[in-house]
Amino acid sequence: MLDDCDDIHPLFHGAPKTTEFRKLRKRLVQNVREAVEQYRMVDPDAPRQKWLVCLSGGKDSYTLLAILHELQWRGLLPVDILACNLDQGQPGFPATVLPAFLERMGVPHRIEYQDTYSIVMDKVPEGRTFCALCSRLRRGNLYRIAREEGCSAVVLGHHRDDILETFFMNLFHGGRLATMPPKLVNEEKDLFVFRPLAHVAETDCEKFAAAMGYPIIPCDLCGSQDGLQRQQVKAILDGWEKNSPGRRQVMFRALMNARPSHLLDPKLFDFSGLSLENPDPRRVVAQKSEPS
């Protein structure tokens, strides 16, 4: 339950006092707490951890930063938080917005400048999308920063709808059943990657960030490209949701209710060992550190 203290942290100063906003804030706190606990993002037996919380300036990362601080204030998230923005050198990027915001909010932070934009523009052929290379370069820099700062985890602002869209992109274009997990270990096996917004709807991030008046910075690098696969998948999901409200949440629950014996992957279920005498053969679990 939210208490009567509205301004528990500068990130919440000026929060609307409406019943609608209180319900939204409570829902966000519950959703994030549920993900943190369900996927055991905090190890109670380990020394106090430090998280590198990645802040892009978009609605999702602002929501992530604020809700993590609320959980921390309530004693429900015993970790140290370091906000980090990676300025990738995009033309027109308002480089002073996030540092000024974080200073004003009293949030410990690190601003890193790395011109990955020029690399992407040089390496990606004309007409191709930038997302894959841009993400790979960004991820490598964030891992490096996390190590330099003594962090145990890189924390990203992907929400429920991002996870659903990635699942359908892999289904339609990649020929595999996979998405972005709430918790994974990087390839070097020295850092966790967490997505505490895994249970949060994108619309809730939009409403929260707008109500708080956070200074949103749009991503114009890939967002300016028409016909992206993710935009196409998003449009499909929007259509399903419009025709059948609640469809996104039903599909998301399906991702947490997989039945290997009712799929077709022999690496996940021992179909060869299935017989009338042995109706429940050994299950095979394929472990991967990073989603492909």
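Placed above this text is the structure.
Residue indices begin from 1 for each chain and proceed along its sequence in written order. In keeping with the model being predicted, local features are shown solely for residues with a pLDDT of at least 70 and side-chain atom pairs are shown and tallied solely at 80 or more, while totals for entire chains, interfaces and linings include all residues. As a rule here, side-chain values cover all heavy atoms of the structure and leave hydrogens and water aside.

(A) Inspection of a nonpolar patch on the surface at higher detail. Patch membership requires over 30% relative accessible area and the absence of a salt bridge. Like charges are linked within 9 Å, and nonpolar side chains (Val, Leu, Ile, Met, Phe, Trp, Tyr) within 5 Å. Computed by Shrake-Rupley with a 1.4 Å probe, the accessible areas treat only the displayed protein chains as cover when residues are assessed. The salt bridge criterion pairs a side-chain nitrogen of Lys or Arg with a carboxyl oxygen of Asp or Glu, the two atoms within 4 Å. On the surface, L171, F172, L177, I236, W240 and L263 cluster together into a nonpolar patch covering about 520 Å² of accessible area. What counts as a helix is a DSSP run of H or I of at least four residues, what counts as a strand is a run of E of at least two, and both are numbered from the N terminus. By the element assignment, F172 lies in helix α6 (residues 160–174).

(B) Summary view of the sheet that holds strand β2 (residues 79–87). Strand pairing is assigned whenever DSSP detects at least two bridges linking the two strands. The mixed open sheet is built from 6 strands, whose spatial order is β3-β2-β1-β4-β6-β5. Among the strands making up the open sheet, the edge pair consists of β3 (109–113) and β5 (183–185). Across the sheet, the mean angle from the axis of one strand to that of its neighbour is 25°, orientation sign disregarded. Bridging between strand β4 (residues 153–155) and strand β6 (residues 192–194) involves 3 bridges; their strand directions are parallel. Each residue of the ladder has a partner; that of A153, found in β6, is F192. With axes taken as lines fitted to C-alpha atoms, and helix axes fitted only over the stretch in contact, angles between N-to-C directions fall between 0 and 180 degrees.

(C) Quick peek at the side chain of N141. Tracing the backbone shows N141 in helix α5 (residues 131–148). Here a polar contact is recorded for every N or O atom pair within 3.5 Å, except that within protein the pair must consist of a potential hydrogen donor and a potential acceptor, and residues adjacent in sequence are included only if both atoms are side-chain atoms. At a separation of 3.0 Å, a polar atom in the side chain of N141 contacts the main-chain carbonyl oxygen of L137. The residues contacting N141, other than those within four sequence positions of it, are L86, Q114 and T116. Only heavy atoms enter the contact rule, under which two residues are in contact if any of them lie within 4.5 Å.

(D) Highlighting the packing of aromatic side chains. In this scheme Phe, Tyr and Trp rings, the latter by its six-membered ring, pair at centre separations within 6.5 Å, and the angle between planes marks the pair as stacked below 30 degrees, edge-to-face above 60, and tilted otherwise. On inspection of all chains with the given rule, the structure shows 12 aromatic pairs. With 6.0 Å between their ring centres and 65° between their planes, F12 and F208 make a pair best called edge-to-face. Taken together, the residues span a long stretch of sequence, with F12 in the segment before α1 (19–38) and F208 in helix α7 (residues 202–212) at a distance of 196 residues. Burial here depends on accessible area, computed with a 1.4 Å probe over protein chains only, as a share of the maximum for the residue type. Under 20% is buried, over 50% is exposed, and the range in between is partly exposed. By relative accessible area, F208 is classed as buried at 0%. Measuring from ring centre to ring centre gives 5.6 Å for F101 and Y214, while their planes differ by 80°; the resulting arrangement is edge-to-face. Of this pair, F101 sits in helix α3 (residues 97–105) while Y214 sits in the loop between α7 and α8 (220–223), placing them 113 residues apart in sequence. Neither F101 nor Y214 differs from the other in exposure class; each is buried. Taken together, the ring pairs in this structure connect F12, F21, Y62, F101, F208 and Y214 into an aromatic cluster.

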